[in-house]
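# Residue-level structure breakdown
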Amino acid sequence: MAKQYLLGNEAIAHACIEAGLDFASGYPGTPSSEVIDTLRAQKKREFYIEWSVNEKVAFENALAASWCGQRSMVTMKHVGLNVAADPLLTSAYTGAKGGFVVLSADDPYAHSSQNEQDTRRYAHFAKLPCMNPSSVQEAHDMMKDAFALSEQVGLPVLFRPTTRICHSKGDVDLGEVSDEHRTGVFEKDPKQYVVIPAHTRVLHKKLNEKQPMVRKAVMDLGYNTAEVRGETAVVASGIAASYVQEVIPEGVSFMKVGCFPIDGAWMEAFVQQHKKVLVVEEGAPIVEERLRQLACGVEVFGQMNGAVPMEGELSPAAVAASMVKAGILKDNPFQSPAPAEGLPPRPPILCAGCGHRATFYAMKKVFPDGIFPSDIGCYTLGLQLGTVDTTICMGASVTVGSGIANAGEKRPVVATIGDSTFLHTGIQGLLNAVYNGADMTLVILDNRITAMTGHQPNPNTGETAMGEASVPISLEAICRACGASFVETIDPYDLTATLEALKAAKARAGTKVIIARQACVITARRAGVRRAHYRVDPETCTACGACLRFGCPAIGKDADEKAEINELCSGCGVCADICPAGAIVKEGRK
Amino acid sequence: MSSYDLLIVGIGGQGTILASNIIGEACLLEGVPIKGVETHGMAQRGGSVESHVRIGGTFGPLISPGGADLMIALDLMEAVRYRHYLKPQGRIIVNDHAVVPTSVFMQKLPMPARDDLLAALDGHPVTLVDAAGLAAEAGNLIVQNVVMLGAAAPHLPLKAESLEEAVRRLVPQKFLDLNLRAFALGREAGRS
């Protein structure tokens with residue numbers, strides 16, 4: 001059909017509607033989020049779609065839809081798969097009925113992540129097939145095939161794109177959107193769906209017996225290819241295969257592993273025709289481990305002997321460097337010119353007017369010696385403001401906070417968590433902290449949206465992924481139901497009230513909750529909220545720098561070292577409250 | 001097949017993605033293969049961003065350091081940050097303005113002067129563009145990215161008409177005239 005210039009995630013989403021997707025759920029996480037965002041925005045096919053509160057919830061919903069015979073998909077990023085690992089491992093036993101694809105996007109180099117784990121490990125762990133695309137076009141084609149593969153083998157299929165697939169773009173050939181729809185019907189089969197020990201022992205055996213059939217089905221798809229061209233070979237998987245193709249010399253054999261599990265006999269036959277093999281892959285040495293088992297007498301280069309980096313992401317230049325190490329290339333064809341030195345860094349920052357900045361500022365004022373456990377979201381950027389002392393994973397701010405408090409630490413503990421993260425896995429931490437008497441303050445940074453990943457709705461937003469109005473949950477009621485007796489809601493743009501609430505929390509014992517509520521500045525602007533900008537009166541400004549330390553990108557310096565407010569100002573007005581000289585005023589006022 | 005490699009750099013929010021989409025659409029119009037990659041997610045919020053575009057590209061989306069034919073920089077300091085991606089004679093189309101990052105105020109780091117930044121681009125053919133001035137002339141500061149794309153147009157291996165048609169296809173109808181004016185003004189600036 002048509003050729004379009006698309007993002008990898010957009011191409012993947014289109015493949016889903018070509019495959020006749022009936023049910024999609026997920027939790028946002030970079031680099032996976034645009035798959036469901038694209039599905040939400042398209043008008044070519046109707047089906048059920050939800051942003052779930054976390055990955056485990058999303059997984060179980062989609063699995064159930066598959067059991068009802070629908071083609072279903074769940075999306076998440078690699079760290080989200082840890083949250084869904086519990087149902088994932090057992091779903092291999094229960095199996096899938098309608099095609100069920102588990103998209104877990106990996107992030108080599110941790111561009112936007114807390115670790116670099118490899119989803120293919122989970123596929124091996126759970127004994128499930130896994131697809132690892134090497135280009136945007138292949139991601140599209142594989143995703144379309146993934147649903148049929150899942151139905152053919154009766155198992156969930158893992159789909160593992162990486163950042164440079166999800167967020168790369170290319171001219172993609174698309175197919176026709178399917179007009180087949182399936183209504184979900186659950187057929188009872190306790191021996192398949194109730195994993196009491198008596199059933200599960202049988203199911204595990206069946207899963208193991210399926211493996212030869214799975215290996216064959218995977219090979220039949222044709223994404224695993226090999227060409228013998230000489231005595232030396234390069235084996236690659238995922239986007240590394242594209243980088244290899246850019247630099248591989250003539251006369252060197254090439255094997256591409258796009259789908260797992262690997263057929264050992266096929267790989268062994270290839271490897272044994274060579275004297276030397278280099279294995280190039282991002283993440284863990286999954287292909288390399290299998291290849292080494294089969295490479296008796298053949299010299300193997302890869303991550304395990306240091307020829308290929310064990311962390312970070314690859315590039316054509318890095319792949320060429322590995323080929324030099326393996327003696328496949330004489331010199332690296334890429335020059336590596338030195339970057340400019342001494343430039344001030346420009347890391348991502350909280351937006352001008354972001355309510356989180358004001359909350360962090362007030363926390364620092366009231367708790368100068370505080371310990372600040374934080375969580376996963378835009379607000380992790382509070383690191384630069386000195387209010388993020390720990391970050392592990394979704395929901396861990398509350399539990400790390402209560403752990404520190406109950407370990408006997410005397411300094412005050414003030415944890416921060418976003419609304420979406422609180423609903424994801426923060427609630428359990430709060431009820432545990434309250435029940436076990438942790439002396440700490442939890443600040444819920446409530447901007448009423450899942451902002452960092454691109455403004456996906458959550459149950460706090462009042463709108464579903466399908467665009468329908470829904471009942472916004474009450475964070476106050478949830479916190480009180482968790483047992484917290486001190487629950488105060490403040491507007492972080494009101495600095496005085498925010499400081500007062502934090503002082504009141506500081507004066508009390510036990511687990512206190514402050515909900516700092518102010519809509520994300522980006523969603524507010526899109527919704528038409530317009531506030532007057534602020535400006536600095538240069539005659540009143542004493543150039544003390546207090547407003548600059550607030551860290552707002554709308555505040556800079558003029559030629560006389562005095563503060564100056566630029567066009568990024570969103571009119572939150574917090575800097576006017578901070579200025580000790582009263583030099584910051586609303587535009588249009590004297 | 002060798003590709004014409006282009007890097008678009010700037011600050012999250014300045015519109016690098018729209019610029020790369022316009023080039024992509026122009027490639028589709030001309031039937032030229034294209035690959036590319038761009039910054040998303042957490043790194044996008046006011047941070048340094050890059051978009052790789054490989055016109056005629058058939059392999060992976062990443063441009064290697066030392067491999068780019070052209071760079072469009074929406075900020076003067078970001079041009080210097082990514083300079084090493086260019087080939088020795090690679091051309092730079094750069095906005096004659098550098099936004100001061102908050103790290104300069106928060107960590108009291110020195111901000112390089114305009115002359116130092118220009119000196120750091122020495123050796124490359126450089127086209128300096130007053131993107132803000134031209135965007136204001138077109139009617140709105142928001143179209144600085146399209147001004148810069150227009151300025152790059154005379155150097156891209158694509159017809160200016162294809163780029164213009166791509167702008168028509170990708171920009172909302174009510175902002176179309178504004179963007180076409182921005183493109184034309186930029187194109188004029190890029191010729192000189």
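A quick note: this is a predicted structure, and the numbers were derived from the prediction, not measured.

## Description of the packing of helix α7 (residues 160–170) of chain B against helix α8 (residues 176–191) of chain B
All names here are of chain B. At their nearest, the axes of α7 and α8 sit 10 Å apart, and the two run at 155° to each other. Between α7 and α8, the crossing angle belongs to the class labelled roughly antiparallel. Read as a crossing pair, α7 and α8 show a hand that is right-handed. Here A160, E161, L163, E164, V167 and R168 of α7 lie close against α8, whose contacting residues are L176, N179, L180, F183 and R187. Its residues placed into classes, the contact of α7 with α8 shows six nonpolar, one polar and four charged.

## Digging into α8(B)
All names here are of chain B. With 16 residues, α8 should cover 22 Å at 1.5 Å per step; its first-to-last C-alpha distance of 23 Å lies within 8% of that length. Every buried residue of α8 is listed here: L176, L178, N179, L180, A182, F183, G186, A189 and G190. Taken together, the buried residues of α8 touch β6 (126–129), α5 (131–138), α6 (144–152) and α7.

## A word on the confidence of the model for chain B
With 98% of its residues at a pLDDT of 70 or more, chain B shows a mean pLDDT of 94. Both scores are available for the predicted complex, with the pTM at 0.96 and the ipTM at 0.95.

## Remarks on empty space enclosed by the protein
Over the atoms, a rolled probe matching the size of one water molecule traces out where space is still vacant. Residue and element names in this part refer to chain A. Taken as a whole and judged by the stated rule, the model has six cavities of 30 Å³ or more. When its volume is computed, the largest cavity comes out at roughly 120 Å³. For the largest cavity, the lining is made up of 17 residues, of which C351, C354, C378, N447 and C520 are closest to its centre. Secondary structure elements with two or more residues in the lining of the largest cavity: α15 (355–366) and α20 (521–526). The volume enclosed by the second largest cavity comes to roughly 90 Å³. Lining the second largest cavity are 13 residues; nearest its centre among them are C552, A554, C569, C572 and C575. For the lining of the second largest cavity, the residue count by class is nine nonpolar, four polar and no charged.

## Quick word on the environment of B:K87
Residues and elements named next belong to chain B. Topologically, K87 is positioned in strand β5 (residues 86–95). In this structure, the C-alpha to C-alpha distance between K87 and D5, residues 82 residues apart in sequence, is 9.8 Å. The contact partners of K87, leaving out residues within four places of it in the chain, are G66, G67, A68, D69 and H124.

What counts, and where the lines are drawn
- Residues numbered from 1 in each chain as written.
- Chains lettered and ligands numbered in written order.
- Predicted model: local features only at pLDDT ≥ 70, side-chain atom pairs only at ≥ 80, totals over all residues.
- Heavy atoms only, no water.
- Axes fitted to C-alpha atoms, helices over the stretch in contact; angles between N-to-C directions.
- Helix = DSSP H or I, 4+ residues; strand = E, 2+ residues; numbered from the N terminus.
- Parallel < 35°, antiparallel > 145°, perpendicular 65-115°, else oblique.
- Left-handed = near helix turned anticlockwise from the far one by under 90°.
- Contact = heavy atoms within 4.5 Å.
- Nonpolar A, V, L, I, M, F, W, Y, C, P; charged D, E, K, R; others polar.
- Expected span 1.5 Å × (residues − 1).
- Buried < 20%, exposed > 50% of the residue type's maximum accessible area, 1.4 Å probe, protein only.
- pLDDT = per-residue confidence, 0-100.
- 1 Å grid on protein atoms, 1.4 Å probe; cavity = no way out; pocket = protein on both sides within 12 Å on 5 of 7 lines; lining within 4 Å.
- Points joined across faces, edges and corners; volume = space filled by probe spheres on them.

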